[in-house]
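Listed below are the residues making up each chain.
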Amino acid sequence: AQTVTQSQPEMSVQEAETVTLSCTYDTSESNYYLFWYKQPPSRQMILVIRQEAYKQQNATENRFSVNFQKAAKSFSLKISDSQLGDTAMYFCAFMKHVLTGGGNKLTFGTGTQLKVEL
Amino acid sequence: GAGVSQSPRYKVAKRGQDVALRCDPISGHVSLFWYQQALGQGPEFLTYFQNEAQLDKSGLPSDRFFAERPEGSVSTLKIQRTQQEDSAVYLCASSLAFLENTGELFFGEGSRLTVL
């Protein structure tokens, strides 16, 4: 079974600053996907960024980037130029590769509540 | 609408009552998932459909929980004889057929169930 750990229940950052959210995971799989999802107060989860484990290059999406360390099983999210709209709960999630029977089943961490302050 | 729609958004039930939660996925999405999110926790997988077939129900916590998707579109999660520990937000998500998809799920806003 896979586990995902987010050790920072809450974080805050000043607007326009950079913040990094941590995530570690445990798996015996060699091929998988990792995700960061954002859940604003309205509760609709939105995909922020995804990483395929077989790709060494870290994924980036505009102000969001990841630091994927496969050997260390670490997957942190960096948010640059933080904006008030980034205030949300952020969940790290793991999924086995579909060709290994993953079936799109996500395993989530417990989340990090990020607050962006003026 | 273009997104995943869930109803009701809020449901209060007395202990022992049966409840039914509805999910209308994005049109054309073959896969449909139910997750349970307790207060302050991450979502926990309940069950997964591909079209009308329930391929994985390993996350359903007890036989009081039942899900169906008879025509491969709308899905209903039914909880019989509700207990206080069933209080949670129930999230529905849909996605394209898995071979065409690299894992992005599209979530609804959830149904918050409170059992008194």
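Only a predicted model underlies this, so the values are computations on that prediction, with no experimental measurement involved.

Account for the side chain of Thr82(B), naming residues and giving values.
Tracing the backbone through its elements, the reader meets Thr82(B) in the loop between strand E8 (75-79) and strand E9 (88-95). The contacts of Thr82(B), once residues within four sequence positions are left out, are Ala13(B), Lys14(B), Arg15(B), Gly16(B), Gln17(B), Val19(B), Arg64(B) and Val115(B).

Before we move on, can you summarise the packing of aromatic side chains with the specific residues and values?
Per the stated rule, a full pass over the model turns up 17 aromatic pairs over all chains. Relative to Phe94(A), the ring of Tyr25(A) has its centre 6.2 Å away and its plane inclined at 35 degrees; by these criteria the two rings are tilted. Residue Tyr25(A) is found in strand E4 (residues 24-26), and its partner Phe94(A) is found in strand E10 (residues 88-96); the two are separated by 69 residues along the sequence. A relative accessible area of 5% places Tyr25(A) in the buried class. Note on Phe94(A): relative accessible area 1%, which makes it buried. Joined through ring pairs, the aromatic side chains of Tyr33(A), Phe35(A), Tyr37(A), Phe91(A), Phe108(A), Phe33(B), Tyr35(B), Phe45(B), Tyr48(B) and Phe107(B) make up one cluster.

Residue-level account of the state of the cysteines, with values.
According to the stated counting rule, one finds 2 disulfides over all chains in the structure shown. Covalently, Cys23(A) is tied to Cys92(A) through a disulfide, its sulfur atoms 2.0 Å apart. Across the disulfide from Cys23(A) to Cys92(A), rotation about the S-S bond amounts to roughly -70 degrees, and the bridge is consequently left-handed. You can see Cys23(A) sitting in the loop between strand E3 (19-21) and E4 and its partner Cys92(A) sitting in strand E10, a full 69 residues away along the chain. The exposure class of Cys23(A) is buried, given its relative accessible area of 2%. Disulfide pairing is shown between Cys23(B) and Cys92(B); the S-S distance is 1.8 Å. Every disulfide takes its handedness from the sign of the S-S torsion; for Cys23(B) and Cys92(B) that torsion is -70 degrees, giving left-handed. Residue Cys23(B) is located in strand E3 (residues 19-24), and its partner Cys92(B) is located in strand E9; the two are separated by 69 residues in the primary sequence. Neither residue differs from the other here; Cys23(B) and Cys92(B) are each classed as buried.

Give me the pairing of strand E11 (residues 111-115) of chain B: which residues, what numbers.
Residue and element names in this part refer to chain B. Every second residue of E11 is oriented toward a common face, the buried set being Ser111, Leu113 and Val115 and the non-buried set Arg112 and Thr114. Here strand E2 (residues 10-13) pairs with E11 via 4 bridges, running parallel. Bridge pairing in E11 links Tyr10 to Arg112. Pairing of E9 with E11 involves 3 bridges; the strand directions are antiparallel. Considered in E11, the bridge of Ala88 is made with Leu113.

Summarise the interface of chain B and chain A; cite the residues concerned and give the values.
Between chain B and chain A, the contact holds 30 residues from the first and 21 residues from the second. Summed over both partners, the interface of chain B with chain A comes to about 2,000 Å²; 52% of that surface belongs to carbon and sulfur atoms. One salt bridge in this structure joins Glu104(B) and Arg50(A), with 3.2 Å as the shortest N-O distance. For the interface between chain B and chain A, the tally reads 5 residue pairs in polar contact (both at pLDDT 80 or more). When contributions to the side of chain B that touches chain A are tallied by element, the ones reaching two or more residues are strand E4 (31-37), strand E5 (44-50) and E9 of chain B. Considering every element that reaches the side of chain B that touches chain A, the biggest residue donor is E4(B), with 4 residues. Its residues assigned to classes, the side of chain B that touches chain A comprises 13 nonpolar, 12 polar and 5 charged.

Quick rundown of unusual backbone geometry? Include the residues and the values.
Across the junction of Ser7(B) and Pro8(B), the peptide omega takes the value -10 degrees, indicating a cis bond. Within the secondary structure, Pro8(B) is located in the loop between strand E1 (5-7) and E2. The phi dihedral of Lys73(A) is positive, around 50 degrees, even though this residue is not glycine. Along the chain, Lys73(A) falls in the loop between strand E8 (64-69) and strand E9 (74-79).

How each quantity is defined
Residues numbered from 1 in each chain as written. Chains lettered and ligands numbered in written order. Predicted model: local features only at pLDDT ≥ 70, side-chain atom pairs only at ≥ 80, totals over all residues. Heavy atoms only, no water. Helix = DSSP H or I, 4+ residues; strand = E, 2+ residues; numbered from the N terminus. Contact = heavy atoms within 4.5 Å. Phe/Tyr/Trp six-rings, centres within 6.5 Å; stacked < 30°, edge-to-face > 60°. Buried < 20%, exposed > 50% of the residue type's maximum accessible area, 1.4 Å probe, protein only. Disulfide = S-S within 2.5 Å. Pairing = 2+ DSSP bridges. Buried area = accessible area lost by both parts, 1.4 Å probe. Salt bridge = Lys/Arg side-chain N within 4 Å of Asp/Glu carboxyl O. Polar contact = N/O pair within 3.5 Å; in protein donor to acceptor, adjacent residues only side chain to side chain. Nonpolar A, V, L, I, M, F, W, Y, C, P; charged D, E, K, R; others polar.

From the geometry alone we can't say anything about function, so treat these as descriptive.
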